[in-house]
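Residue-level structural notes
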Amino acid sequence: MDELAPGLIGEAATVVTETDTAGHWGSGLVPVFGTPALVGLMEGAAVQALAGRLPPGRTSVGGRIDVHHLAPTPMGMHVRARAELLEVEGRRLVFHVEAWDEVEQIGRAAHERFIVDEERFVAQAKAKIESTSS
């Protein structure tokens, strides 16, 4: 993990479709880029900042996001997010993320991710299914 240092940048982009809308996600009734889709785009940008930088068998998972959805974006418009790694504290990674559409800034967030052992993490999740089948 010695390649992880403040200043790493990641980006993610998409074109808003019906499956990205608040109406689709159930987070509202309007046909605009929904907050759940914005959160996913922002997390995707943070994941891109880490691409190729984690040791084999390790991945990152989202632990917290404090998002401000600032403006609506209609279907058909391009949106992009840019995440910057601000802090590395053991397994905890802190990002500042901003998002824009073709006209203006549409969101900003503080986002924390945690580095985990991928196999162990997935096994923990699967164990929940096994624990409920008895």
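Above this note sits the structure.
Residues numbered from 1 in each chain as written. Predicted model: local features only at pLDDT ≥ 70, side-chain atom pairs only at ≥ 80, totals over all residues. Heavy atoms only, no water.

What to know about the sheet that holds strand S3 (residues 78-89)
This is how the line gets drawn: Pairing between strands is defined by DSSP: at least two bridges between them are needed. Elements are defined by DSSP. Helices are runs of H or I of four residues or more, strands are runs of E of two residues or more, and each kind is numbered from the N terminus. Axes, fitted as lines to C-alpha atoms, cover a helix only where it is in contact. Angles between the N-to-C directions of the axes lie from 0 to 180 degrees. In this description, contact between two residues means that some pair of their heavy atoms is separated by no more than 4.5 Å.
What the five strands build is an open sheet, ordered S1-S3-S4-S5-S2; its pairing is antiparallel. What marks the edges here is a single partner per strand, and that holds for strand S1 (9-15) and strand S2 (58-69). Here the average twist between neighbouring strands, direction ignored, is 25 degrees. The sheet contact formed by S1 and S3 spans seven bridges and is antiparallel. Residue pairing across strands places Glu11 opposite Arg82, the latter belonging to S3. Strand contacts of helix H3 (residues 118-132): S2 and strand S5 (105-117), with the helix running at about 95 degrees to S5, the strand carrying the most contacts.

What about the pairing of S5?
For S2 and S5, the ladder comprises eleven bridges, and the chain directions are antiparallel. Bridge pairing in S5 links Arg64 to Glu112. In this sheet, S5 lies alongside strand S4 (residues 92-100) in antiparallel orientation, the contact comprising nine bridges. From the neighbouring strand, Trp100 faces S5, where its bridge partner is Gln105. Hairpin connection from S4 to S5: four residues lie between these consecutive antiparallel strands.

Considerations on helix H2 (residues 35-50)
To keep it simple, the criterion reads: To estimate the expected span of a helix, subtract one from its residue number and multiply by 1.5 Å. In this scheme, a residue with accessible area under 20% of its type's maximum is buried, one over 50% is exposed, and one in between is partly exposed, where area comes from a 1.4 Å probe on protein chains only.
Helix length check: H2 (16 residues) gives 23 Å between terminal C-alpha atoms against 22 Å at 1.5 Å per residue, within 8%. Buried within H2 we find Ala37, Leu38, Val39, Leu41, Met42, Ala45, Ala46, Ala49 and Leu50. Contact partners of the buried residues in H2: S1, helix H1 (22-25), S2, S3, S4 and S5. Gly52 sits one or two positions beyond H2 and adopts a positive phi of about 75 degrees.

Regarding the pattern of salt bridges
For the record, the criterion: Salt bridge, as used here: a side-chain nitrogen of Lys or Arg that lies within 4 Å of a carboxyl oxygen of Asp or Glu.
By the definition in use, this model includes seven salt bridges. One salt bridge connects Glu3 with Arg53, and the closest N-O pair in it is separated by 3.6 Å. Residue Glu3 is located in the segment before S1, and its partner Arg53 is located in the loop between H2 and S2; the two are separated by 50 residues in the primary sequence. The partner of Glu43 in a salt bridge is Arg113, and the shortest N-O contact between them spans 2.8 Å. Here Glu43 is found in helix H2, whereas its partner Arg113 is found in strand S5, with 70 residues between them in sequence. By relative accessible area, which is 25% here, Glu43 ends up partly exposed.

Overview of H3
Here is the rule: We call two N or O atoms a polar contact when they sit within 3.5 Å, provided that within protein one can donate a hydrogen and the other can accept it, with sequence-adjacent residues counted only if both atoms are side-chain atoms.
Under the 1.5 Å per step criterion, the end-to-end length of H3 is 22 Å for 15 residues, consistent within 8% with the ideal 21 Å. Of all the 15 residues making up H3, zero are buried; the element is thus mostly uncovered. At the N-terminal boundary of H3, the capping side chain belongs to Asp117, with an oxygen 3.2 Å from the backbone nitrogen of Glu119.

Some remarks on the side chain of Thr73
Mapped onto the elements of the fold, Thr73 is located in the loop between S2 and S3. Residue class for Thr73 comes out buried when judged on its relative accessible area of 1%. Among the polar contacts made by the side chain of Thr73, one reaches the side chain of Asp101 at a distance of 2.9 Å. In this view, Thr73 contacts Val16, Val32, Phe33, Val79, Asp101 and Ile106; residues no more than four positions away in its chain are not counted.

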